[in-house]
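# Remarks on the overall topology
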Amino acid sequence: MKIGPQDNGASLRRRWGVPLSVATGVTALSVAAVVVLGGTEDAGPSAADPAHSGGSPVESTPAPSPSASHGATSGGDGSAPSSHRGASPEAAFAITDATTTPIDTGSVTKILSACLGPEASQYHAVIAVRTPVASRDRDGVVVAVNSAGQYVQCQSKGDKGTSQDSPPTFINDRLWGTGRVVEYFDSMLEPVGAGKYLMLGAGHYTSEVAKITISYGDDPKEYPARMAGGAFVYGAALSPDTPPGPRYMGPSPYVHAYDAAGKEIYNQAKDPKFTGKQ
């Protein structure tokens, strides 16, 4: 099954909206990968088996320069990406950076305080990162959890934090993928300058998951997620190959979950809840 960033991806975004401020009972879009405080490696570009085939991803290695993947990676060492053209001029794109940096503890405290107000003291951060690029309103994300296991997702800009959900705990149990292995929080696509965009999102995973990766649109390359405290986050810089139109939606990010043996146990690109083939 071929998943085109301007076919299924666009229809998903039209259906759920970007960003995902949705009413009770309405499902949301996708989510995943990036940095944690005291977490795993940074989620830089890395080669992997085809993202939609169900194969296990190759362990990531730092790339000497940003990887430009256009819908499909080439064979060999992956240094010469092959071009993929979709149904519209906006279908071809490049993920130019998927690395993030941890946010310092002092800033995390200020972000949560601005985001949650008096309730901030009830939460502790499990993931806190700056994204590869910054939009006008966002340059990172903090995911925190309270003693009841309720998560909040606070977007950052400097030391300020905001949540697009009311209340911020609205993200919990709002949208589980089929099989209840991965739960989706908020995801968004925002412009960061001429021809450049920030893709950002987060979610929750169950204890059977040992690794989460993200692929984008038709591109089979998977980018490893940062995972901690049952949550994951992703952030990526995206550049369309051609000038985007005024309603550019970009490729859909797809979550892949693997167990401790390296077996893929969830693939959002094949989830009927998102493909519309229920």
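Structure: above.
Below is a summary of the structure that appears in this document. Worth saying up front: this structure is predicted, and the values here are computed from it rather than measured. (Residues numbered from 1 in each chain as written. Predicted model: local features only at pLDDT ≥ 70, side-chain atom pairs only at ≥ 80, totals over all residues. Heavy atoms only, no water.)

Turning our attention to the sheet that holds strand β15 (residues 253-258). Pairing is antiparallel across the open sheet formed by four strands, whose spatial order is β12-β11-β15-β16. If you trace the sheet from one side to the other, it starts and ends with β12 (223-224) and β16 (264-267), each paired once. Of the pairings in the sheet, the one linking strand β11 (residues 211-216) to β15 comprises six bridges and is antiparallel in character. In the sheet register, Ile212 faces β15, and the bridge partner there is Ala257. (Pairing = 2+ DSSP bridges. Helix = DSSP H or I, 4+ residues; strand = E, 2+ residues; numbered from the N terminus.)

Moving on to helix α2 (residues 105-116). Helix length check: α2 (twelve residues) gives 16 Å between terminal C-alpha atoms against 16 Å at 1.5 Å per residue, within 8%. Residues of α2 that are buried include every one of Ser107, Val108, Ile111, Leu112, Cys115 and Leu116, and no others. Down the axis of α2, the sector holding all buried residues measures 140°, keeping them to one side. Two or three places before Gly106, at the start of α2, stands the capping residue Asp104, its side-chain oxygen 3.2 Å from that residue's backbone nitrogen. A positive backbone phi angle near 65° is found at Gly117, which sits one or two residues after α2. (Expected span 1.5 Å × (residues − 1). Buried < 20%, exposed > 50% of the residue type's maximum accessible area, 1.4 Å probe, protein only. Arc of directions from axis to C-beta. Polar contact = N/O pair within 3.5 Å; in protein donor to acceptor, adjacent residues only side chain to side chain.)

Here the focus is the sheet that holds strand β5 (residues 123-130). Ordered in space as β4-β5-β6-β7-β8, the five strands form an open sheet in which the pairing is antiparallel. Strands at the two margins of the open sheet, each flanked by one partner only, are β4 (101-102) and β8 (160-162). As defined by bridge partners, strand β7 (residues 151-157) adjoins β8 across three bridges and the pair is classed as antiparallel. The residue of β8 that forms the bridge with Gln155 is Thr162.

Counting residues in hydrophobic clusters, the biggest one holds 27 residues, and the most contacted among them are Val182, Ile212, Tyr216 and Phe232. When residues of this core are traced back to their parent elements, those giving at least two are β3 (93-97), β9 (182-193), β10 (196-205), β11, β14 (231-240) and β15. Broken down by element, the residue count for this core peaks at four residues, all from β14. Counting 16 residues, the second largest nonpolar core, distinct from the first, contains Val126, Phe185, Leu198 and Ala228. (Core = buried A, V, L, I, M, F, W, Y, C linked by side-chain atoms within 4.5 Å.)

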